[in-house]
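Coordinate analysis (summary)
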Amino acid sequence: MKRNILYGFVAMASLLLASCNGDYDDWASPQAYDAESAAAKYGVTFTPGPDADVVMPTSDGYANIVTINSNNDAISGFTIKSVTIDGKTINATMDNNNVNVKASDLSNIIRNEYNSRAYTKRALKVVTTVAANLTNGDAVTIDMAGNTDASFTPYQTPAIDPKGYFVLGDFAENGAGWDVTKPVMMEKVSDGVYSVHVTTKGDSNWFKFYCGSDADGTWNSANKHQMGCAVNGDNSRTGFVVYTDDPENPKTSDDTGVQTPVVKGKGQFKITLDMNNLTYTVTPDESKYYLIGNPTSWGLSLNCMLYGEGNNVYSYTYKATNQWDIKVFDGKYYSVGGDNIWGYCWGGVNGSTAASGDLIYADGNGDNAGAIGPNEKGGWYTFTINMNNNTYTWKAIDAPTKSYKNVSIIGDFNKWGGDVDMKEVVSHNWYVRAAISSDGGLKFRANHDWATSWGTTKDFSLGDSYYGPTGSENITVPAGTYDFYLNDITGRWNIVAVK
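Notes on the structure in this doc start here. (Residues numbered from 1 in each chain as written. Predicted model: local features only at pLDDT ≥ 70, side-chain atom pairs only at ≥ 80, totals over all residues. Heavy atoms only, no water.)

Notes on the sheet that holds strand S7 (residues 98-102)
Spatial strand order, S1-S3-S7-S6: four strands in an open sheet with antiparallel pairing. The open sheet has two edge strands with one neighbour each: strand S1 (44-48) and strand S6 (93-95). For this sheet, the mean angle separating the axes of adjacent strands, direction not counted, is 30°. For S1 and strand S3 (residues 62-70), the ladder comprises five bridges, and the chain directions are antiparallel. (Pairing = 2+ DSSP bridges. Helix = DSSP H or I, 4+ residues; strand = E, 2+ residues; numbered from the N terminus. Axes fitted to C-alpha atoms, helices over the stretch in contact; angles between N-to-C directions.)

So, in structure tokens, the structure goes:
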């Protein structure tokens, strides 16, 4: 905005005329106008700036996203009051009549709004509020009219590795931890999305991601394309991936730029890597667990499944026959267990009859996880495992006073007209595999009548779950083949889809 002596004389003349005709009151107090009227009165316009379509990287790290103009000689310039991008406030400065923002600040707003670092053009709504500085020393706020469009395209992201990805870290799955010769491969969930189930060892478990193409058992290869986070030791359950030579997280003289995230807590977790959006998530892993021991004649059987209680806690109520009674098998590894089922077991101190203790993972060697049992042979117990902290408890209960000739399932799939009988595989624990021909409700019931039955609570649908609360309502189950489990003492049940 140019100012010169001629403009000064024009402004003075205007003031003198205004004092004679009564218009001076409006001139001296321009704040009395609403924002849009003020913009029209002073001829202020907001247009997309020369850098409104931002593509990373920018030449100087800044973007001129808005240009402000006025055809009114009474305005000497503008002062920024606020700038928002899609409703989020961003720091901005003025360069002549251009509004400048840091490209990195724009990037942070976009990645947080979309939870993504994807190489995708994002449309932006920019709202600029300024004060117009008048030649008489006053100022008037110009806002609401300052709506402009812009766009932002982040840095190009790394290509997806055709051989997938693996993790290394403080996990039981790769031995003593960080053994580059034992990469823990991630399973492909969908295009660009991978997940892995891990068992952590301590309270803070450090890890990183690596490309499958670099899995030759050496650190020189693995470190070529390592991935982690921006802040070392970040134990957030969700985060953005930082990769080798990441332009948004440049390395310094004493680090690679790729910092190491942490899984917080000892237990079972699922880690998901989304290479489409460059994000990762860490969630407690609710697996499926099965008894191995005297109840199964020490053979792996899917008949004896622990019942889900929620929050990664599982239980099994039965009559224990021996102090060296059981171990627990992790169902995640059923398809790969083969002859080494003991390598995927949990146990305790061998022969322990303590009422509670720490679960020990076999870590590939069944001898590492000993058989455990209660302190009373032939007693009735509820055995519970907490996989958030890898502990177990034995709780003595009274012997059940009711027993049933049979337990069955019945429902819409058979028009409520026939029972599918279950087998009592362990005292008061029943199992059957059955095909459900159509979506609908079903229940468990005893003795082929309705004197005793088990269902769930109102509006509960099985969906992606496999257990739910016990109640009197029907359990809604989609069509398919399932393994059905019921404990007639506790009323707890599992319904597991057979895939």
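Focus on the nonpolar core
In terms of nonpolar packing, the biggest core is built from 37 residues, with Tyr-289, Leu-306, Tyr-316, Phe-383, Ile-385 and Tyr-485 touching the most fellow members. The element best represented in this core is strand S22 (residues 289-293), accounting for four residues. Not counting chain neighbours up to four residues away, the residues in contact with Leu-306 comprise Tyr-289, Tyr-290, Leu-291, Tyr-314, Ser-315, Tyr-316, Phe-383, Ile-385 and Asn-494. If you look at the next biggest cluster of nonpolar residues, it comprises 33 residues, including Ile-85, Ile-90, Val-130 and Tyr-155. (Core = buried A, V, L, I, M, F, W, Y, C linked by side-chain atoms within 4.5 Å. Buried < 20%, exposed > 50% of the residue type's maximum accessible area, 1.4 Å probe, protein only. Contact = heavy atoms within 4.5 Å.)

Description of the packing of aromatic side chains
Across all of its chains, the model carries 24 aromatic pairs by this definition. Put simply, the rings of Phe-444, Phe-460, Tyr-482, Phe-484 and Trp-493 touch in pairs and so form one group of aromatic residues. Just above the ring of Tyr-114 sits the side chain of Arg-122; from NZ or CZ to the centre is 4.0 Å. (Phe/Tyr/Trp six-rings, centres within 6.5 Å; stacked < 30°, edge-to-face > 60°. Lys NZ or Arg CZ within 6 Å of the ring centre and 35° of its normal.)

Description of empty space enclosed by the protein
Applying the stated criterion across every chain yields a total of one cavity of 30 Å³ or more. Of the pockets and cavities examined, the largest cavity occupies roughly 60 Å³. Every residue along the wall of the largest cavity is listed here: Ser-107, Ile-110, Arg-111, Ser-116, Arg-117, Ala-118, Arg-122, Phe-152, Pro-154 and Glu-248. When residues in the lining of the largest cavity are grouped by element, the largest group, three residues, is from helix H4 (residues 103-114). (1 Å grid on protein atoms, 1.4 Å probe; cavity = no way out; pocket = protein on both sides within 12 Å on 5 of 7 lines; lining within 4 Å. Points joined across faces, edges and corners; volume = space filled by probe spheres on them.)

Points about the pairing of strand S24 (residues 313-319)
The element S24 is extensively covered by neighbouring structure, given that six of its seven residues are classed as buried. With seven bridges joining them, S24 and strand S29 (residues 380-386) adopt antiparallel strand pairing. In the strand pairing of S29, Tyr-316 is matched with Phe-383.

A short note on the pattern of salt bridges
Taken as a whole and assessed by the stated rule, the structure comprises eight salt bridges. The residue Arg-445 makes a salt bridge to Asp-419 at a minimum N-O spacing of 2.8 Å. One end of the pair, Arg-445, is in strand S35 (residues 440-446); the other, Asp-419, is in the loop between strand S31 (407-411) and strand S32 (420-421), with 26 residues separating them in the sequence. Exposure remark for Asp-419: the relative accessible area of 25% places this residue in the partly exposed category. Arg-433 serves as the salt-bridge partner of Asp-483, at 2.7 Å between the closest nitrogen and oxygen. One end of the pair, Asp-483, is in strand S38 (residues 480-487); the other, Arg-433, is in strand S34 (residues 429-436), with 50 residues separating them in the sequence. Looking at Asp-483, the relative accessible area reads 5%, which means it is buried. By relative accessible area, Arg-433 is classed as partly exposed at 44%. (Salt bridge = Lys/Arg side-chain N within 4 Å of Asp/Glu carboxyl O.)

Focus: H4
Here H4 contains 12 residues, and its C-alpha end-to-end distance of 17 Å stays within 8% of the 16 Å for a straight helix at 1.5 Å per residue. Along H4, the residues that are buried comprise Ala-103, Leu-106, Ser-107, Ile-109, Ile-110 and Arg-111. Trailing H4 by a residue or two, Asn-115 shows a phi angle of about 50°, which is positive. (Expected span 1.5 Å × (residues − 1).)

Looking at unusual backbone geometry
With an omega dihedral of 0°, the bond running from Met-56 to Pro-57 counts as a cis peptide bond. You can see Pro-57 is positioned in the loop between strand S2 (53-55) and S3. With a phi close to 60°, Asn-311 is a non-glycine residue in the positive phi region. Relative to the helices and strands, Asn-311 is located in the loop between strand S23 (307-310) and S24.

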